Structures are given as C-alpha cells and as structure tokens.
2 protein chains.
Amino acid sequence: MSEHATGNALSIGDVAKATGLGVHALRFFEREELFLRPIPRTAGGQRVYGPEDVEWLLLCSRLRDSGMPIAGVKRFARLVRSGPGNEPERLALLEEHERTVRDKIADLTASLEIIHGKVLTYRKHVKDGTAAGLWSPTPSP
Amino acid sequence: MSEHATGNALSIGDVAKATGLGVHALRFFEREELFLRPIPRTAGGQRVYGPEDVEWLLLCSRLRDSGMPIAGVKRFARLVRSGPGNEPERLALLEEHERTVRDKIADLTASLEIIHGKVLTYRKHVKDGTAAGLWSPTPSP
DNA sequence: GTAGAATCTAGACTGCAATCTAGGTCAAGC
DNA sequence: GCTTGACCTAGATTGCAGTCTAGATTCTAC
C-alpha cells in the first residue's frame, strides 16, 4: 500500500509517517471518533486512508498541540461530520480556542520575562564571580 | 495564624491563598522536596511558612506553568539548597528552560496563525451565508 | 508458497501531577 | 470548656492522553 500508490490509498503506517502521530494514536483517535468519516477497510480488515484524512489529522494535531483537549476536537469533528448548517457553532468553537491560545501565549510570555530576568541576573553574577548568596526568588534565584 | 501576624508566620491555608496553589499541592511539593528548606512546624505539628517560602513558590509556579516538570523544579531547588558554588549549573538549567519556553511560544504562535485563518474563513462564510461545503482542513474547516 | 513485516482487536498499563479520603489532631473564638 | 474549622498523615484515586501487550491475521517480496 505504500508503493506507487495507484491513486491515494494510504496504510496506517503511511499516515503515521505523514502526520507524526503513532499508529496507536491513530487507532485511538478512531475509537474516539475524531475522524470525519468511517475509515474504510480492505477485504482483510486493514484501514485505508485518503489524503483528506491526513489533512484533517494535521489540523487535529494543530488543535491538540495548541492545547485543545480530545473532547474539544471530538466536538468539532462531530459538528463537521453532521454537515452544513452549524457553521456558526464551529466558528464559536474555533474562536473560543483562539482566545485560549492567545491567553496561553500571553501567560508564557509573562513567565518568559521573569525567567529571562533570572537568566540575566545569573549571567551577571557568574561573570563577576559575585554569585554568593544568590537565591531569593525575585529577582535573584 | 492568619490574624494580625506578629511578624510573618503563615499557615498552609494562608500560603495556599497567597500562591493560588492548593493545600494538597503544598504538602505534595514538600514531599517532593521542592522547598529550599525544611518547613518548620508548630509544637502541634502544623506547618509554619515564611514570606520567603511564598516568594519561592511563586517562582516555582512560574516555572511549572511555563512547562517545567516537577523533576526540573526539584533539580533547581536542590542546586539552590546546596548553596553557593553551583551558579553556573543553575544558570544552565534556567537557560535551557528559557529556550524551551521560547520554542513553545513559537509553536503556539504558528498554531494560532492557522487557527486564526480558519476563524477568518468561517466568519466570512457565515456572514455571506455561503457556508455550505466548508470543511476541508486547509484552508476551510 | 513462504518468510517476515505490518496490521488487526481488546484491553491493560504508563506517567504526570496533583487531588481526595479516612481517621484523626490542633487551635481560635465564644 | 467546647465547638467549629483548619490542619495532620499515609495512601488510594483521578484524569488525561496516549502507549503497549498478546495473540491472531494479512500483506509483500522473494
């Protein structure tokens, strides 16, 4: 199934390579109903994916990596699966997630500033050899 | 212990309020040796914290919230506890964490761009009423 | 036609980081 | 002095998100 694809059929291993997900994760996602359609099988029962499944998985990975829980992806998948008519709900879900990602970035940036401040302090003290007694959390340790 | 502090003694509940951590988490942190010193106790066995413990916990929270695992915080605490002389190691640990935080922010920003793109697409289609058929992961769903 | 790689299922297991439980003890206000 | 709320320990449990196992089957290449 990996070779000279007659068109676009992909094995689970191909999809794993293409998405960076493990085969276990792909089967898990299917159990969790994160796909947009029932993945077809060969006569022998092996999964046959199409490129659109890979596309979808890449989006799912983005959502997951940016902190959306499986349950959120599942809700989005369910909306998409249920066809046209619920676009405002999909939009709301995405907007909500966008907000949480922005908040996350803001939090990380705030933490980064503090951490970077510590780094600068330590660099200075290590360079000067004046490091003794360094520790108290702000702004020293 | 919460009232008119004679100086600065804090109960576990006070510290929980001050740091946003739960009392369970504070006891857990102590078992994990994340503190810079053994927390003293009253005659009756109750923990007595000082403001410096709160300061330290606030830094720990920043490190945790920015993705440093407990084991990392523990290593840092151990370095600080073991006194002057290892500042270059502390610096290395903080620099390493700073790098991972920057990477995390970069990843989130990349995801955010994709998500925001979807949001824009959905907004447009919902507004136009042309939403039918929207779904394929890039750039539609 | 057969060896070896890849895949299948159901279900058990992992790791992290708390969080909660049970069964008490302690302390502060009235 | 007593009630009520905060606190104590040790250990069990939770939740999330995979990840792995075992044992069987299928597919691919020679």
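Refer to the preceding data block for the structure.
Residues numbered from 1 in each chain as written. Chains lettered and ligands numbered in written order. Predicted model: local features only at pLDDT ≥ 70, side-chain atom pairs only at ≥ 80, totals over all residues. Heavy atoms only, no water.

### Describing the pattern of salt bridges
- As enumerated under the stated definition, the model contains 20 salt bridges over all chains in all.
- Taking the shortest distance from any N to any O, the salt bridge between B:Arg37 and B:Asp53 comes out at 2.4 Å. Of this pair, B:Arg37 sits in the loop between helix 2 (23–31) and helix 3 (51–65) while B:Asp53 is found in helix 3, placing the two residues 16 residues apart along the sequence.
- Residue classification places B:Asp53 among the buried residues on the basis of a relative accessible area of 3%.
- For the salt bridge of B:Arg90 with B:Glu87, the shortest nitrogen-to-oxygen distance reads 3.8 Å. Highlighted residues: B:Arg90 and B:Glu87, both in helix 5 (residues 87–128), separated by 3 residues, approximately one helical turn. Like B:Glu87, B:Arg90 is buried.
- A single network of salt bridges, built from pairs that share partners, joins A:Glu30, A:Arg41 and A:Arg47. (Salt bridge = Lys/Arg side-chain N within 4 Å of Asp/Glu carboxyl O. Helix = DSSP H or I, 4+ residues; strand = E, 2+ residues; numbered from the N terminus. Buried < 20%, exposed > 50% of the residue type's maximum accessible area, 1.4 Å probe, protein only.)

### Points about the protein's contact with DNA strand C
- Looking at DNA strand C, there are 20 residues lining it, with A:Gly13, A:Arg27, A:Gln46, A:Arg47 and B:Arg64 nearest.
- With respect to DNA strand C, the side chain of B:Thr42 contributes an N or O atom lying 3.4 Å from a phosphate oxygen.
- Contact between DNA strand C and B:Ile70: a phosphate oxygen at 3.3 Å from a main-chain N or O atom of the residue.
- Class assignment of the residues belonging to the surface near DNA strand C gives a composition of 7 nonpolar, 8 polar and 5 charged. (Near = heavy atom within 4 Å. Polar contact = N/O pair within 3.5 Å; in protein donor to acceptor, adjacent residues only side chain to side chain. Nonpolar A, V, L, I, M, F, W, Y, C, P; charged D, E, K, R; others polar.)

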